[in-house]
Amino acid sequence: MASLSPATQAPAPKFRQVSVVLWIAALGLFWLFWKHGAGLAPWAFDYPRAWTVPVARWISQAMKWLLNDATFGLFTFEQATRFIAAVIEVPYQVALSLLSTGFLEGQGSTATQILPPLSWLAVIAVFALIGHRAGGVRLAALVVGCLGFVAVFGQWTSAMVTLASILVAVPLGVVGGLLLGIAAYRWLWVERVLRPILDLMQTIPVFAYLVPVLILFGFGPTAAIVATLIYAMPPMTRITLLALRRVPSELHDLGQMVGCTRRQLTWKVLVPSARDPLMVGVNQVIMLSLNMVIIASMIGAGGLGFDVLAALRKLDFGAGLEAGFAIVALALVLDQLSQAFARKSWGQPVQGSWAHRHPYLLAALATVALAALLGLVVPAVQSYPKTLEISTGTFWSNVVKWINVNYFDTLEAIKNALLLNLLIPFKRFLLSLPWAGVVALLAFAGWRLGGWRLAVLTAFLALFIAATGQWEKAMTTVYLCGISTMIAMLIGVPVGIAAAEKAGLWRWVQVVIDTLQTLPSFVYLMPAVMLFRVGDFTAMIAVVAFAVAPAIRYTALGLRGVDPRLIEAGRAMGCTRSQMLTRIKLRLALPEILLGLNQTVMFALSMLVITALVGTRDLGQEVYIALTKADPGRGLVAGLAVACIAIIADRMLHAGARNARARLGLAEVQE
Amino acid sequence: MSDQAAPQAKLVCRNLWKLFGARAPEALDRLGSEVSARDLAEAGLVAAVRSVDLAVQPGEVFVIMGLSGSGKSTLVRLMSRLIEPTSGEVLLDGQNLLAISKSEMTRIRRHRMGMVFQHFALLPHLSVLDNVAFPLAVQGLNRAERLKRASAMVELVGLAGREDAMPRQLSGGQQQRVGIARSLAVEPELWFLDEPFSALDPLIRREMQDELMRLQQVLKKTIVFITHDFDEAIRLADRIAIMKDGEIVQCDTPEQVVLNPATDYVREFSRAVPRAKVMRVTSAMEPGAGGADLAEVAGSATVAEAAPAFLQGAEALQVTGPDGAKLGVLRRDAVIRLMLEG
């Protein structure tokens with residue numbers, strides 16, 4: 001994540017002493033105020049209701065105005081959004097018909113199928129062909145295995161509904177992100193306008209904009225696709241901009257020298273040269289789309305996400321887990337395919353006839369046609385036979401039951417011990433702090449870390465939370481996020497250290513965290529709820545599971561990235577293994593570990609909002625309630641509050657990492 | 001240079017400046033062209049190119065030599081207007097490139113200029129043939145025609161048979177051959193080579209220099225060649241311009257640069273160069289005609305090139321002009337003295 005605050009110089013030793021004194025003074029003042037200020041200034045502890053700025057109401061009113069009165073002259077705003085929805089509806093219907101429902105004539109239950117959907121065998125075969133094209137036999141086998149798993153466990157129909165949404169969202173997201181990125185590259189003002197929006201879009205929780213999207217685009221798959229686009233496009237835009245900036249200047253010069261027009265320069269020189277990073281962007285869009293399509297089941301996306309959601313609501317673990325596994329399989333297929341394409345470089349052009357040049361396309365078309373014909377005769381080819389489906393739902397339910405019967409007391413004891421001794425006291429502590437004091441302390445920290453600009457920013461954002469009357473809920477969010485981050489770091493840093501020391505272990509850890517990161521956040525809820533039912537503790541477990549990956553990754557990468565010459569020097573001086581680790585490696589890897597902490601906080605926050613489904617009482621819950629009540633103001637304001645927390649944490653940790661790096665004399669990394 | 005000489009020259013730079021920094025043109029007007037580097041630094045400006053005057057003659061290999069940061073790459077980009085100069089003039093066949101419109105400049109670049117880059121700048125998604133044909137595709141030439149011309153160029157640089165290879169499958173030397181073929185595909189009058197061989201291994205570099213000299217004998221382009229390698233400059237140049245801190249400190253033939261360095265800075269470079277390799281026989285001969293039985297050597301040859309004749313026992317060589325006139329006699333002891341001097 002890019003940071004806006006300017007780089008600071010490394011402080012001289014004299015300044016560092018001053019800094020320590022200042023910090024002690026600030027903390028002392030804060031403590032005094034906390035202990036004795038309640039009588040003097042009660043308003044500083046409990047934000048007065050009368051001072052609340054009704055941002056939520058303003059937003060709701062603005063939304064109402066948009067819907068009812070806003071007009072572009074020829075057509076109203078609502079007509080515009082409905083038009084967009086209708087335009088997206090067309091390709092979605094085609095994809096859905098192709099994969100799931102078949103082409104229908106008529107409406108609703110009276111509809112008759114005029115063309116069946118693609119046979120499940122044909123879909124698997126087409127994916128296998130794509131896999132073979134991109135990554136050879138091994139990838140094809142993996143694809144067949146994963147999709148076969150989906151079919152055998154009876155998740156095929158839902159999976160195809162999810163896939164249909166993704167097939168529509170991904171091309172739109174990629175093209176939209178690419179165009180925005182190119183525009184930002186070409187016109188400085190576009191970048192200036194986009195940058196803060198991109199920053200905000202990456203920190204605002206997804207639930208928050210589900211509400212306005214729901215209101216503007218109606219309940220259903222198209223609204224879900226719009227939300228998915230909003231979610232998946234910003235990273236593509238960012239990556240496009242970076243990729244274009246990194247095209248070697250010589251290629252730019254070449255384009256000018258051969259007399260390219262602006263358009264030729266962009267499309268014939270810059271974009272093809274930036275292919276590799278752009279493909280990474282495509283992979284991102286695909287994975288983010290999958291994540292969002294699952295979450296957007298709340299506004300009617302249907303498919304696997306809906307199955308998980310329904311299972312969560314009924315606490316039917318078996319069904320939920322099965323759908324969860326299917327999501328994992330789908331995620332694996334999409335991730336591996338797009339990564340394989342990203343790794344492939346440009347191939348040699350093939351000469352010859354059309355069929356000669358497109359053997360894979362030909363094979364795919366032939367398979368589809370063959371399967372369709374066979375499907376007319378053999379129904380098992382058309383759709384996977386129900387009798388062969390294996391349902392493990394009851395099995396998993398029984399496993400959970402067994403665990404609960406045998407280990408209920410143990411699990412409960414762990415849960416209660418942690419709740420009573422750690423979670424609740426920490427929560428009480430945070431809630432007792434005076435908001436005004438916290439705002440002042442944050443501003444001070446911002447000033448020390450990144451100068452007055454950062455101080456103003458943090459103070460303003462913290463004040464926004466207080467002024468919109470969300471202080472208590474925000475503190476609950478901070479408490480859950482803080483505890484989860486702490487535990488994730490406590491697990492992640494040692495694992496990262498171990499992985500960095502042993503190359504063999506690192507390979508395995510990498511596979512595990514890569515896989516963990518491809519999983520949609522929804523999937524993490526299921527096992528946590530199974531074992532600990534609903535509540536803060538469950539939320540914490542899910543958040544830790546989700547957020548531990550970056551903690552491990554950054555620690556390991558930071559340690560492995562330490563200059564080998566320094567390690568050699570350490571060895572030459574006779575450092576023991578532990579001296580080497582504590583005195584050289586960890587110190588030099590500190591900036592990187594701080595960035596890992598930053599990512600862990602960001603991951604934790606984004607997951608925390610989703611854990612509202614398992615009954616937290618923080619800002620996430622506020623957003624979720626707003627979603628169920630379709631109250632855009634309330635949802636957006638709570639979402640913005642989460643974004644504020646994220647931005648404060650992000651800027652502070654970035655500034656901290658930058659200071660540490662400057663102190664160590666390391667080069668600024670490109671972000 | 002005199003105004004009479006300018007119209008005949010292919011490319012002329014007059015009082016060319018490039019300053020980097022805020023509001024550079026105003027600052028230059030204020031400070032005047034005699035400004036020192038310190039004054040510029042105080043104004044927050046960096047002078048990449050300072051008051052450069054030069055004229056490149058048609059068919060000449062003009063080498064601009066300088067160390068990194070001397071402004072040579074900026075200078076070649078000012079000549080092609082890839083970078084806008086802060087002030088001054090760039091004349092191509094007498095036409096001021098800085099005064100013409102953008103579309104006119106595009107037209108000139110498309111048809112009259114070619115450029116070879118240090119890191120080859122090949123497009124990764126195009127085959128060798130398509131890379132070479134790329135400038136023609138940009139011009140909108142039809143596919144059959146441009147592939148025909150591109151094939152001829154690929155053959156010219158000795159890559160026939162590799163037309164369908166992708167850039168990453170080629171060695172560095174081969175990649176630069178593609179770069180050369182591409183820059184020649186539009187049949188440019190003015191050929192810019194920006195450190196074309198710097199990224200190559202020394203052995204390959206030498207091979208490519210020979211290749212360039214071979215091509216130039218056939219093509220007779222006007223060449224502006226940028227390098228940081230003094231030996232390369234000596235080897236290729238008809239004339240060398242040596243740059244330091246954005247200024248040209250000496251602009252002369254290789255022989256003059258080595259024999260009469262203008263400054264200590266130039267002397268530092270030329271010290272290690274064997275005199276015999278740059279000195280023409282006309283500079284080492286005694287005037288007058290020798291005996292009729294003497295073998296002949298062209299006046300344009302270097303002493304080192306003439307030396308092998310003495311190994312076969314000759315005591316003296318007859319130096320002749322291009323028209324066959326007898327210019328003087330090159331004696332064995334003069335050659336030995338020069339060779340021993342190193």
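Numbering of residues starts from 1 in every chain and runs along the sequence as written. Each chain is given a letter, starting from A, and each ligand a number, starting from 1, according to the order in which they appear as written. This being a predicted model, a pLDDT of at least 70 is required before a residue's local features are given, and a value of 80 or more before pairs of side-chain atoms are given or counted; all residues contribute to the totals for chains, interfaces and linings. Neither water nor hydrogens contribute to the side-chain values; these are computed over all heavy atoms in the structure.

## Some words on the overall build of chain A
Point 1. The secondary structure listing takes helices from DSSP runs of H or I that are at least 4 residues long and strands from runs of E that are at least 2 residues long, numbered from the N terminus. Looking only at helices and strands, one finds 26 helices and 2 strands in chain A.
Point 2. Note that the radius of gyration is over C-alpha atoms, with the globule rule given as 2.2 Å times the number of residues to the power 0.38. In terms of overall size, chain A behaves like a compact globule, its C-alpha atoms giving a radius of gyration of 27 Å where 671 residues would be expected to give roughly 26 Å.
Point 3. Oriented by its inertia axes, the alpha-carbon framework of chain A measures out at about 85 × 65 × 60 Å.
Point 4. The rule is simple: take the accessible area with a 1.4 Å probe, protein chains only, and divide by the maximum for that residue type; under 20% is buried, over 50% is exposed, in between is partly exposed. Taken across its 671 residues, chain A has 51% of its residues classed as buried.
Point 5. For the charge count, each Lys or Arg is scored as positive and each Asp or Glu as negative, with His and the chain ends excluded. A single reference atom marks each charge: NZ on Lys, CZ on Arg, CG on Asp, CD on Glu. Side chains of chain A carry 50 positive and 30 negative charges; the gap between the two charge centres is 6 Å.

## Concerning the environment of Gly288(B)
Residues and elements named next belong to chain B.
Point 1. Relative to the helices and strands, Gly 288 is located in the loop between β11 (286-287) and β12 (296-298).
Point 2. On the basis of relative accessibility, which here comes to 37%, the residue Gly 288 falls in the partly exposed class.
Point 3. Spatially, the C-alpha atom of Gly 288 lies 53 Å from that of Ala 121, the residues being 167 residues apart in sequence.
Point 4. Two residues form a contact once any of their heavy atoms are found within 4.5 Å. Ignoring anything within four residues of it in the chain, the contact list for Gly 288 reads Gln 318, Leu 327, Gly 328 and Val 329.

## Overview of the sheet that holds β12(B)
Residues and elements named next belong to chain B.
Point 1. Overall, mixed pairing links the 4 strands, which are arranged β11-β14-β13-β12 in an open sheet. Whereas interior strands pair on both sides, the edge strands pair on one side only; in this sheet they are β11 and β12.
Point 2. Here, strands pair whenever DSSP counts at least two bridges between them. Alignment of strand β13 (residues 316-320) against strand β14 (residues 326-331), held across 5 bridges, turns out to be antiparallel. Opposite Leu 317, over in β14, you have Leu 330 as the bridge partner.

## Things to note about helix α3 (residues 77-101) of chain A
All names here are of chain A.
Point 1. Remark: the principal bend of α3, roughly 25°, maps to Glu 89, with a proline, Pro 91, within the next four residues.
Point 2. Residues Phe 77, Ala 80, Thr 81, Ala 85, Ile 88, Tyr 92, Ala 95, Leu 96, Ser 97, Leu 99 and Ser 100 constitute the buried set of α3.
Point 3. At its buried positions, α3 is contacted by α2 (55-68), β1 (103-105), α4 (120-152), α5 (156-186), α7 (206-217) and α8 (221-245).
Point 4. A positive backbone phi angle near 85° is found at Gly 102, which sits one or two residues after α3. Bending is quantified residue by residue as the angle between axes fitted to the seven-residue window ending at that residue and the seven-residue window starting at it.

## Things to note about the packing of aromatic side chains
Point 1. For Phe, Tyr and Trp, rings pair up if their centres lie within 6.5 Å, where Trp contributes its six-membered ring, and each pair is then called stacked (planes under 30 degrees apart), edge-to-face (over 60) or tilted (otherwise). Per the stated rule, a full pass over the model turns up 11 aromatic pairs over all chains.
Point 2. Centroid distance Trp402(A) to Tyr407(A): 5.9 Å. Interplanar angle 75°. Geometry classified as edge-to-face.
Point 3. Ring plane angle 20° and centroid distance 5.6 Å describe the contact between Phe230(B) and Phe269(B), whose orientation is recorded as stacked. Highlighted residues: Phe230(B) in helix α9 (residues 230-236) and Phe269(B) in helix α11 (residues 264-270), separated in sequence by 39 residues. Taken as a pair, Phe230(B) and Phe269(B) share a single burial class, namely buried.
Point 4. Ring pairs connect the aromatic residues Trp23(A), Phe444(A) and Trp447(A), which therefore count as one cluster.

## Regarding the interface of chain A and chain B
Point 1. Listed by partner, the interface residues are 21 residues for chain A and 29 residues for chain B.
Point 2. Note on chain A versus chain B: buried area summed over both sides is about 2200 Å², and carbon and sulfur give 62% of it.
Point 3. Salt bridge criterion: a side-chain nitrogen from Lys or Arg within 4 Å of a carboxyl oxygen from Asp or Glu. Put simply, chain A and chain B have 1 salt bridge between them.
Point 4. We call two N or O atoms a polar contact when they sit within 3.5 Å, provided that within protein one can donate a hydrogen and the other can accept it, with sequence-adjacent residues counted only if both atoms are side-chain atoms. At the boundary of chain A and chain B, one finds 6 residue pairs in polar contact (both at pLDDT 80 or more).
Point 5. Elements supplying a minimum of two residues to the side of chain A that touches chain B: α9 (249-257) and α10 (262-273) of chain A.
Point 6. Per-element tally for the side of chain A that touches chain B: the top contributor is α9(A), with 6 residues. A simple way to read buried area is as the amount of 1.4 Å-probe accessible surface that goes missing from two parts once joined, with both sides added.

## Concerning the confidence of the model for chain B
All names here are of chain B.
Point 1. With 98% of its residues at a pLDDT of 70 or more, chain B has an overall mean of 87.
Point 2. Residue-level confidence of the predictor is summarised by pLDDT, bounded by 0 at the bottom and 100 at the top. Considering only residues more than four positions removed or in separate chains, one finds that residues 1-6, a stretch of pLDDT under 50, has 8 contacts.
Point 3. Interface confidence in the predicted complex, given as ipTM, is 0.85; pTM for the same model is 0.82.

## Looking at the domain arrangement of chain A
All names here are of chain A.
Point 1. All domain edges in this entry derive from an automatic or database-based domain assignment. For chain A, the assigned domains are domain 1 (85-102 + 115-345 + 352-399) and domain 2 (407-664).
Point 2. For domain 1 versus domain 2, the separation of C-alpha centres amounts to 29 Å.
Point 3. Listed as interface residues are 37 residues of domain 1 and, on the opposing side, 31 residues of domain 2.
Point 4. Carbon and sulfur atoms make up 87% of the area that domain 1 and domain 2 hide from each other, which totals about 2800 Å².
Point 5. For domain 1, the biggest contributors to the area lost against domain 2 are Phe 207, Leu 312 and Phe 317; these three give 21% of the whole.
Point 6. Put simply, domain 1 and domain 2 have 1 salt bridge between them.
Point 7. One salt bridge in this structure joins Asp 199 and Arg 651, with 3.3 Å as the shortest N-O distance.
Point 8. Taken together, the links from domain 1 to domain 2 amount to 2 residue pairs in polar contact (both at pLDDT 80 or more).
Point 9. Breaking the side of domain 1 that touches domain 2 down by element, the ones donating at least two residues are α6 (188-203), α7, α11 (275-295), α12 (304-314) and α13 (317-343).

## With respect to a nonpolar patch on the surface
Point 1. Together, Leu370(A), Leu373(A), Leu374(A), Leu376(A), Val377(A) and Val378(A) line one region of the surface with nonpolar side chains, adding up to about 620 Å² of accessible area.
Point 2. Its place among the elements puts Val378(A) in the loop between α15 (359-377) and α16 (379-382). Every patch collects residues that have over 30% relative accessible area and no salt bridge, joining them within 9 Å if they carry like charges and within 5 Å if they are nonpolar side chains (Val, Leu, Ile, Met, Phe, Trp, Tyr). Only the protein chains shown count as cover for residues, and the accessible areas themselves come from Shrake-Rupley with a 1.4 Å probe.

## A short note on the state of the cysteines
All names here are of chain B.
Point 1. Criterion for a disulfide: a pair of cysteine sulfur atoms within 2.5 Å. Summed over the entire model, instances satisfying the criterion amount to 0 disulfides over all chains.
Point 2. Not part of a disulfide, Cys 251 finds its nearest cysteine sulfur in Cys 13, a span of 11 Å.
Point 3. Using a relative accessible area of 31% as the deciding quantity, one classes Cys 251 as partly exposed.

## Description of the sheet that holds strand β7 (residues 190-194) of chain B
Residue and element names in this part refer to chain B.
Point 1. Read from one edge to the other, the open sheet built from 6 strands follows the order β6-β7-β8-β3-β9-β10, with strand pairing classed as mixed. If you trace the sheet from one side to the other, it starts and ends with β6 (113-116) and β10 (247-252), each paired once. In this sheet, neighbouring strand axes are inclined to one another by 15° on average, regardless of whether the strands run parallel or antiparallel.
Point 2. Looking at chain direction, strand β3 (residues 61-66) and strand β9 (residues 239-244) are connected through 5 bridges and run parallel. Paired with Phe 62 across the bridge in β9 is Arg 239.
Point 3. Note on definitions: angles span 0 to 180 degrees between N-to-C directions of axes, and those axes are lines fitted to C-alpha atoms, for helices only across the stretch in contact. The sheet contacts of helix α7 (residues 172-184) involve β6 and β7, and relative to β6 the element is tilted by about 170°.
Point 4. On top of the sheet, helix α8 (residues 202-219) reaches β3, β7 and β8 (222-227); it is set at about 175° to β7, its chief contact.

## Overview of the pattern of salt bridges
All names here are of chain B.
Point 1. With the rule as written, the count across this model stands at 34 salt bridges over all chains.
Point 2. Glu 247 is the partner of Arg 50 in a salt bridge, and the nearest nitrogen-oxygen pair spans 3.8 Å. With a gap of 197 residues between them, Arg 50 in strand β2 (residues 46-56) and Glu 247 in strand β10 connect regions that are remote in the sequence.
Point 3. Arg 50 gets classed as buried once you look at its relative accessible area, which sits at 10%.
Point 4. Asp 229 is the partner of Arg 205 in a salt bridge, and the nearest nitrogen-oxygen pair spans 3.6 Å. Taken together, the residues span a long stretch of sequence, with Arg 205 in helix α8 and Asp 229 in the loop between β8 and α9 at a distance of 24 residues.

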